[in-house]
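Single-letter residue listing:
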Amino acid sequence: MLVPALSWAGAAAVASGRSVLPHAWRAFSSSRAMASDQGKPAVPGVSEELSSRIKDKGLLRVDGFIGGDWVKAADGGTYQVLNPATGKPVATLPRLRHDETLAAIASAHSVLPAWSGLTAKQRGAVLRKWHQLATDAAEDIAAIMTAECGKPLAESRGEVASGLDSIDWSASECRRVSGQVLETTSRDRRMLVLRQPVGVVAAITPWNFPMSMITRKVAPALAAGCTVVLKPSEQTPLTALALAELADRAGLPEGALNVVHGDAPAIGSAIMASETVRKIGFTGSTAVGKMLMAQAANTVKRVSLELGGNAPFLVMEDADLALAARGVVASALRNSGQTCICANRVFVHDKVHDEFAARVAEIVKGLKVGDGFAPDTTHGPLINPAALDKVAAHCADAVSKGARVLAGGGKPASLPERLAGGSFFEPTVLAGATIDMRVFREETFGPLVPLFRFSDDDEAVALANDTEYGLAAYFYTRDLKRAWTLAERLEYGMIGVNEVAITADVAPFGGIKQSGLGREQGTIGLEEFLETKYVCMGLGYASDDDD
Ligand code: NAP
């Protein structure tokens, strides 16, 4: 049976009203930890190459995770995860579909009363245990991530640290959730506002941040008292499954976190049609986000959408050019340009354009493209051949319309034979970019740095805002008045002023316009998983001034 009966000792204790927690879950979680597969030599379904890199083989899960059980596809279907650096298989997994998703939703629903019935302190303690186990497993998680999405190991480690921060923040922040007692409008009644978990949440996440896109949804949802059905990208499910394994070891009740992966449209339609799922948290493309938002209307689900971006990066005439050049390379080329907040269009004041362009080209020429596991690699491959084709097409389009290549410009000339099947494109700087080019209008999602010119602040703002997207924007200036004014005039959800490392567990992450709805991270990110309930309590005695 896919959906086992609720068997968690702590949850049962809560349901029966006994206050034996947190002892119950402590004993429970330690027995789970002992039952892990540490030291197992070979892992079915996982390539020998990946398996050999992982110390704790028990983290190499390939099945779906439903109701605390690891499950295969009912119809026996499978799919492969490929290493984007080599094009070779990393793992073979069951392709889960509609029925498994319904089982996951039912499982999440069955444990909801017990999980939401815990105190925030108790839920936070389970999350803290998850955080501890994931911290101990950080190197293994980073290696799994590099194997399935190609990013250099150092970047994977950074993402693991950021994902851990989301768990840690949520574990603490849930204790600060509070309602209100309102000043009453009548002496014979009292007025209260309660905050309660929204219920079963579905989280749908992309491949470019296989851990942090998950933890910034799942951790606050669980902390708030929701239960979760997670659908990671079928291109990077292994990181998600390792996290589920660790959550299980941490003593999360069976069914509180379920992972289904495989047939995205089938899983998505089961989630969206369900009346049990009360909210979806989605990160991905604007096209899929719009479709999910339309589908959510049928059951009036709450939606949080973190969608595409087309971030402007403004270099003002008074900018610190060395700082700005380092900033644009870090932002535009992070994860080989595959982040939603990557600088996509770089606008440079005429007066400093040539010096800035030379500085950026010089830095980019020193970068090293290759296998994410090689210690000297600074930039890994694109996620797949289709992504590579898009970047090449954007570059060719710009060059055909007059852009000049200052660095890079194509596939790397000298890669080892082993990487011949990889989706590599050189970090590329293009001067002379203009607004008729695809790089101005579309999200490239690859390692291109197109440089546009402007001559005054008004023109820079108009160019920057000329897009349907509104996720992140950056500008570099030394002028305080200009900094305030630009921050106010740019139509974006997040602004970096002389800084590109803007993401933090404490700060609201999200966009406006067609870049999304709602925010993740910070206090507001937890509130996304809470409902507001108004309670008007009559005190049962008559009063002279009743209304
Ligand atoms: P995507 O194609 O929209 O996929 C995102 C997720 O949606 C994946 O899990 C995907 O599953 C799933 N999906 C696809 N079709 C679906 C359907 N019909 N029903 C339900 N789920 C479905 O986006 P992507 O190409 O993976 O990610 C890149 C995009 O994400 C970029 O546009 C980027 O800007 C955006 N992004 C935004 C943020 C942000 O915070 N705003 C952060 C990161 C990325 P499969 O992969 O299994 O097909």
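Residues numbered from 1 in each chain as written. Predicted model: local features only at pLDDT ≥ 70, side-chain atom pairs only at ≥ 80, totals over all residues. Heavy atoms only, no water.

## Re the layout of surface pockets
Here's step 1: By volume, the largest pocket amounts to about 910 Å³.
Here's step 2: Lining the largest pocket are 37 residues, and of these Pro206, Trp207, Gly284, Ser285 and Val288 lie nearest its centre.
Here's step 3: Listed by contribution, the elements that provide at least two residues to the lining of the largest pocket are helix 10 (264–273), strand 10 (277–283), helix 11 (286–296) and helix 14 (385–400).
Here's step 4: Broken down by element, the lining of the largest pocket gets its largest block of residues, 5 residues, from helix 11.
Here's step 5: In terms of residue class, the lining of the largest pocket is built from 17 nonpolar, 14 polar and 6 charged.
Here's step 6: Here the lining of the largest pocket gathers at least three residues from each of two domains, domain 1 (44–306) and domain 2 (311–468 + 472–497). (1 Å grid on protein atoms, 1.4 Å probe; cavity = no way out; pocket = protein on both sides within 12 Å on 5 of 7 lines; lining within 4 Å. Points joined across faces, edges and corners; volume = space filled by probe spheres on them. Helix = DSSP H or I, 4+ residues; strand = E, 2+ residues; numbered from the N terminus. Nonpolar A, V, L, I, M, F, W, Y, C, P; charged D, E, K, R; others polar. Domains from an automatic or database assignment.)

## So, helix 11
Here's step 1: Burial in helix 11 covers these residues: Thr286, Gly289, Leu292 and Ala296. Along helix 11, the residues classed as buried sweep out an arc of 125° about the axis, all on the same side. Residues of helix 11 that are exposed and angled more than 90 degrees away from the buried face: Ala287 and Ala294.
Here's step 2: Buried residues belonging to helix 11 abut strand 7 (200–204), helix 10, strand 10 and strand 11 (302–306). (Buried < 20%, exposed > 50% of the residue type's maximum accessible area, 1.4 Å probe, protein only. Arc of directions from axis to C-beta. Contact = heavy atoms within 4.5 Å.)

## Structural notes on the environment of His379
Here's step 1: As for its position among the elements, His379 is in the loop between helix 13 (353–365) and helix 14.
Here's step 2: Leave out the neighbours within four places in its chain, and His379 touches Pro152, Leu333, Ser336, Leu367, Lys368, Val369, Gly370 and Pro427.
Here's step 3: One polar contact links the side chain of His379 to the main-chain carbonyl oxygen of Leu333, over a distance of 3.3 Å. (Polar contact = N/O pair within 3.5 Å; in protein donor to acceptor, adjacent residues only side chain to side chain.)

## Notes on the side chain of Lys151
Here's step 1: With respect to the element layout, Lys151 can be found in the loop between helix 6 (138–149) and helix 7 (153–173).
Here's step 2: Of the polar contacts made by the side chain of Lys151, one reaches the side chain of Glu159; its length is 2.6 Å.
Here's step 3: For Lys151, the contacting residues outside a window of four places in its chain are Met145, Thr146, Ser156, Glu159, Asn208, Phe209, Pro210, Asn335 and Gly372.

## Remarks on the site of the ligand
Here's step 1: Residues in contact with the ligand amount to 29 residues; listed here are only the nearest, Thr205, Glu234, Ser285, Leu307 and Glu443.
Here's step 2: In this structure, Glu234 approaches the ligand through a main-chain N or O atom, which is 2.8 Å from an oxygen atom.
Here's step 3: The contact in question runs from an oxygen atom of the ligand to an N or O atom on the backbone of Gly284, over 3.2 Å.
Here's step 4: Protein coverage of the free-state accessible area of the ligand, which is 900 Å², stands at 87%.
Here's step 5: Using a 2 Å cut-off from the grid points, one finds that the ligand occupies the largest pocket.
Here's step 6: At the level of secondary structure, the elements contributing two or more residues to the shell around the ligand comprise helix 10, strand 10 and helix 11.
Here's step 7: Partitioned by chemical class, the residues of the shell around the ligand number 16 nonpolar, 9 polar and 4 charged.
Here's step 8: The two domains that each donate at least three residues to the shell around the ligand are domain 1 (44–306) and domain 2 (311–468 + 472–497). (Near = heavy atom within 4 Å. Areas by Shrake-Rupley, 256 points an atom, 1.4 Å probe, with all protein chains shown as cover. Sits in = over half its atoms within 2 Å of the grid points.)

## With respect to the UniProt feature "domain: Aldehyde dehydrogenase" (unreviewed entry) in the protein
Here's step 1: Following the UniProt record, the feature "domain: Aldehyde dehydrogenase" (unreviewed entry) maps to residues 70–535 here.
Here's step 2: The span residues 70–535 shows a helical share of 40% and a strand share of 20%, and its end C-alpha atoms are spaced 42 Å apart. (UniProt positions renumbered as here; feature names shortened; annotations may be inferred.)

## A few points about the domain arrangement of the protein
Here's step 1: Along its sequence, the protein is carved into domain 1 (44–306) and domain 2 (311–468 + 472–497).
Here's step 2: When each unit is reduced to the centre of its C-alpha atoms, the spacing between domain 1 and domain 2 is 31 Å.
Here's step 3: Taken together, the 20 residues of domain 1 in the interface contact 23 residues of domain 2.
Here's step 4: Of the roughly 1,800 Å² buried where domain 1 meets domain 2, counting both sides, 58% is carbon and sulfur surface.
Here's step 5: The three residues of domain 1 that bury the most area against domain 2 are Pro84, Ala85 and Trp207, which together make up 27% of that side's buried surface.
Here's step 6: Ionic pairing is found between Glu49 and Arg418, a salt bridge with its closest N-O pair at 3.7 Å. (Buried area = accessible area lost by both parts, 1.4 Å probe. Salt bridge = Lys/Arg side-chain N within 4 Å of Asp/Glu carboxyl O.)

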